[in-house]
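Coordinates in review
For reference, the chains in residue letters:
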Amino acid sequence: MTPEIHCKAIVFDFDGTLADSMPFLEEIGVATMMKHYGVSREDATQRYRSTTGLPYEHQIKSNFPGDPRNEEAIEEFEQLKIERIFDQELFSDTVAVVEQLNDKGIEVFVSSSTFQPTIEEYFRRRRIIGMFKAIVGYRPGFEKGADHFNHIHREFDIPFTDMIFVGDSLKDQKRAEGFCRFIALTGMFTESDFRRQNHQGAVIDSLSALLSLVSLAHD
Ligand SMILES: [Mg+2]
């Protein structure tokens, strides 16, 4: 099949897209909600999933607005996360896919809701940080989505029309709207979930599927 999607840069979400970390994050995210707010597992899971893709801070604040227990819950989650995030594995095809995108001349970025030093350290430990043009992490006021896309656009001179965002959550899809094209990776959400949210672009069920879809855009 001839690749039909042309771009100069691909921005990947991290959790659930490059790394198989969603089961772990959901486990601690749900446990934290159950412990601090006394909600059932079912309720916490629904609250977690409906806001997944946002920094946990925002997941908590949108589920429990103004609740005095929020700061403690957020702190505990971040602590639990940092203790085990470095143990989370990349998907089996991640490294090969990123290498082949590099070979095609496409620049590869990571945009994550994990704090900058943590996400950078993750790639440094695996000795693959050099495969990425930049790893862009979270700090308050600088989030995955508009902030990160604008940063990549400005700092690396990538027009939004040449940028593609690949993510696994409905929030990711929303965040690409008005900026760049979005490719949805199924896993936590199904193709119908993305279509129901009016996604018209490509949907893939593994990162490897990207390779036959995308090629370098020429001026
Ligand atoms: Mg994700």
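As a reminder, the structure under discussion sits directly above these lines.
Residues numbered from 1 in each chain as written. Predicted model: local features only at pLDDT ≥ 70, side-chain atom pairs only at ≥ 80, totals over all residues.

**Section: the overall build of the protein chain**
Across its full length, the protein chain holds 9 helices and 8 strands. A compact globule built from 219 residues would reach a C-alpha radius of gyration of about 17 Å, and the protein chain, at 17 Å, matches this within 12%. C-alpha atoms of the protein chain, sized along the principal axes, occupy 55 × 40 × 30 Å. For the protein chain, with 219 residues in total, the buried portion stands at 38%. (Helix = DSSP H or I, 4+ residues; strand = E, 2+ residues; numbered from the N terminus. Rg over C-alpha atoms; globule rule 2.2 N^0.38 Å. Buried ≥ 20, exposed ≤ 12 C-beta atoms within 10 Å, placed from the backbone.)

**As for the packing of helix H3 (residues 56-63) against helix H4 (residues 70-84)**
Angle between the axes and distance between the axes: these two values describe a pair of packed helices. Axis separation between H3 and H4 bottoms out at 10 Å; the angle between their running directions is 150°. With respect to their mutual orientation, H3 and H4 come out roughly antiparallel. Considering only the axes of H3 and H4, their crossing is right-handed. Counting all contacts with H3, which are made through Tyr-56, Glu-57, Ile-60 and Lys-61, the residues of H4 involved are Asn-70, Ala-73, Ile-74, Phe-77 and Glu-78. Here the contact of H3 with H4 is composed, by residue class, of 5 nonpolar, 1 polar and 3 charged. (Axes fitted to C-alpha atoms, helices over the stretch in contact; angles between N-to-C directions. Parallel < 35°, antiparallel > 145°, perpendicular 65-115°, else oblique. Left-handed = near helix turned anticlockwise from the far one by under 90°. Contact = placed C-beta atoms within 7 Å. Nonpolar A, V, L, I, M, F, W, Y, C, P; charged D, E, K, R; others polar.)

**Topic: the environment of Ala-134**
By the secondary structure assignment, Ala-134 is in strand S4 (residues 134-138). Spatially, the C-alpha atom of Ala-134 lies 9.2 Å from that of Glu-120, the residues being 14 residues apart in sequence. Ignoring sequence-local partners within four residues, the contact set of Ala-134 consists of Phe-109 and Phe-156.

**Description of the sheet that holds strand S7 (residues 203-204)**
The parallel open sheet is built from 6 strands, whose spatial order is S4-S3-S2-S5-S6-S7. Of all strands in the sheet, those bounded by a partner on one side alone are S4 and S7. Alignment of strand S5 (residues 163-167) against strand S6 (residues 181-185), held across 4 bridges, turns out to be parallel. Its bridge partner lying in S6, Val-166 is registered against Ile-183. Sitting on the sheet, helix H6 (residues 116-125) touches strand S3 (107-115) and S4, and the angle it makes with S3 is about 130°. Together, strand S2 (9-13), S3, S4 and S5 form the strand contacts of helix H7 (residues 146-156), whose direction differs from that of S4 by roughly 145°. (Pairing = 2+ DSSP bridges.)

**Quick notes on the packing of helix H1 (residues 22-37) against H4**
H4 packs onto H1 with a crossing angle of 150° between their chain directions and a minimal axis gap of 10 Å. When the axis of H1 is compared with that of H4, the two are roughly antiparallel. In this structure, H1 meets H4 at a crossing whose hand is right-handed. Where H1 approaches H4, its residues Phe-24, Ile-28, Gly-29, Thr-32 and His-36 are matched on the opposing element by Glu-72, Ala-73, Glu-76, Phe-77, Leu-80, Lys-81 and Arg-84. Classifying every residue of the contact of H1 with H4 by side-chain character gives 5 nonpolar, 3 polar and 4 charged.

**Topic: the environment of Ile-106**
Within the secondary structure layout, Ile-106 lies in the loop between helix H5 (94-103) and S3. Overall, Ile-106 belongs to the buried group, with 22 C-beta atoms counted inside 10 Å. When the C-alpha atoms of Ile-106 and Cys-7 are compared, they prove to be 7.2 Å apart, with 99 residues separating the residues in sequence. Sequence-distant contacts of Ile-106, defined by excluding residues within four places in its chain, comprise Cys-7, Lys-8, Ala-9, Ile-10, Leu-101, Val-214 and Leu-216.

**Describing the pairing of S3**
Counting buried positions over the 9 residues of S3 gives 7, a clear majority of the element. Pairing of S2 with S3 involves 5 bridges; the strand directions are parallel. Bridge assignment links Asp-13 to a residue of S3, and that residue is Ser-111. Here S3 runs beside S4; their pairing, made up of 4 bridges, is parallel. From the neighbouring strand, Val-110 faces S4, where its bridge partner is Ile-135. Handedness of the β-α-β unit built from S3, H6 and S4 comes out right-handed. (Right-handed = clockwise from strand over helix to strand, strands pointing away.)

Any functional reading would require information beyond the geometric quantities listed.
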